[in-house]
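# Summary of the model geometry
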Amino acid sequence: MINAAGGRDQWPLWEVFLRSRNGLHHQHVGSVHAVDAEMAVENARDVYTRRGEAVSIWVVPSASIVASDPADKDELFEPALTKIYRHPTFYEVPDGVANI
Amino acid sequence: MVSPTSEPLLPVADGCLVLSHRLSEWMSKAPTMEEDIALGNIALDLLGQARGLLQVLGDEDQLAYFRDAQDFRNPLICELPGGDFAFTILRLFFVSCWLAEVWPALAAGTESGEVRGVAEKAVKENAYHLRHAGSWVPRLGDGTEESHRRMTDALDALWPYRGEIASDAWYDRVLPALREASLPEPDRDAWTQRSSADGWHTEHLGYLLADMQSLARAHPGAKW
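These notes cover the structure that comes with them. The structure presented is a predicted model; accordingly, all values stated were derived computationally and were not measured.

Thresholds, definitions, all that
- Residues numbered from 1 in each chain as written.
- Chains lettered and ligands numbered in written order.
- Predicted model: local features only at pLDDT ≥ 70, side-chain atom pairs only at ≥ 80, totals over all residues.
- Heavy atoms only, no water.
- Buried < 20%, exposed > 50% of the residue type's maximum accessible area, 1.4 Å probe, protein only.
- Helix = DSSP H or I, 4+ residues; strand = E, 2+ residues; numbered from the N terminus.
- Pairing = 2+ DSSP bridges.
- Expected span 1.5 Å × (residues − 1).
- Arc of directions from axis to C-beta.
- Contact = heavy atoms within 4.5 Å.

## Observations regarding the pairing of strand β1 (residues 13-19) of chain A
Residues and elements named next belong to chain A. By the criterion of burial, β1 is predominantly enclosed, with five of the seven residues buried. With six bridges joining them, β1 and strand β2 (residues 27-33) adopt antiparallel strand pairing. Each bridged residue has a counterpart across the sheet, and for tryptophan 14 the counterpart in β2 is valine 32. Taken together, the six bridges between β1 and strand β3 (residues 56-61) define a ladder with antiparallel strand orientation. Paired with phenylalanine 17 across the bridge in β3 is tryptophan 58.

What follows is the structure, given as structure tokens:
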């Protein structure tokens, strides 16, 4: 929508999560604009479930999501890259061990 | 051979077909991308419902593409031209309130298994159409000054076309919704247009059919 000052007013953004089958967890699939929660669920249904993708929809106001700062990626994520012993494949399983 | 024009299913089939075409005219022009897809989904549902019934009545392509306006039996409200978004939503709401009575009756009281199958699927589809249009009615009616004005204009324009689709159950759905949307209470007993039962239509159906039928008539029997 174009507002009186000629700029673009956007409706609030909502993040959409779908569960594709019972027993699976909801996964983020994208976002929709909507003026309220009810419209957000309807829009998510219309935009993201046209091919039977879901048995359940969650919508969350995008403004409610707290995100990590991309500038912090070195201190947040790089330390993990060198700790290969955190992967199970780091360990050799002796031949004699059963049931692993 | 069933005579399509005397067939009671025809107003439902034609109503769905013609309204589907009107909704499809919004493609790429709806107020938001989300609404664009929503109206497209609803148009496709209606097209599927129309096809289901036309297949029962005869050759669906023949009935959709090679019948002239006077042989169509859709409620006149379905053929009225586009208008603005408020008009589109209120019309969809009115027609969905009609179909909310039609489909359950067909699902429960029809001998034909084919018709029952179409109707049972349509009951669920229509429930969503009703929900979608129904959630917009108070949003627009009770929204801004401009949206209220547009909804009031739409109500004035559409009310005389309720005759073919209104019943006590229809008024029971429509009147409280209009009240909730802060729209002026229309008169149940006000004059309404005559029906299309005798082949009489507004001038708009001819243009709609020209658009919908010209390709099939230029290339009869063509396959994709």
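Here the narrative resumes.
## Observations regarding unusual backbone geometry
Trans peptide bonds make up the majority, and among non-glycine residues the majority have a negative phi. Residue and element names in this part refer to chain B. The phi dihedral of serine 28 is positive, around 75°, even though this residue is not glycine. Assignment of secondary structure puts serine 28 in the loop between α1 (10-24) and α2 (33-57). Phi is positive for serine 182, which is not a glycine, with a value near 60°. Its place among the elements puts serine 182 in the loop between α8 (168-180) and α9 (204-218). The class of serine 182 is partly exposed, set by a relative accessible area of 37%.

## Focus on α8 of chain B
Residue and element names in this part refer to chain B. Its 13 residues give α8 an end-to-end C-alpha distance of 19 Å, which sits within 8% of 18 Å, the value for a rise of 1.5 Å per residue. Every buried residue of α8 is accounted for by Trp170, Tyr171, Val174, Leu175, Ala177 and Leu178. Buried positions in α8, seen along its axis, are confined to an arc of 165° and lie on one side of it. Among the exposed residues of α8, those pointing more than 90 degrees away from its buried face are Asp168, Asp172, Arg179 and Glu180. On its buried face, α8 is in contact with α5 (85-109), α6 (113-141) and α7 (145-158).

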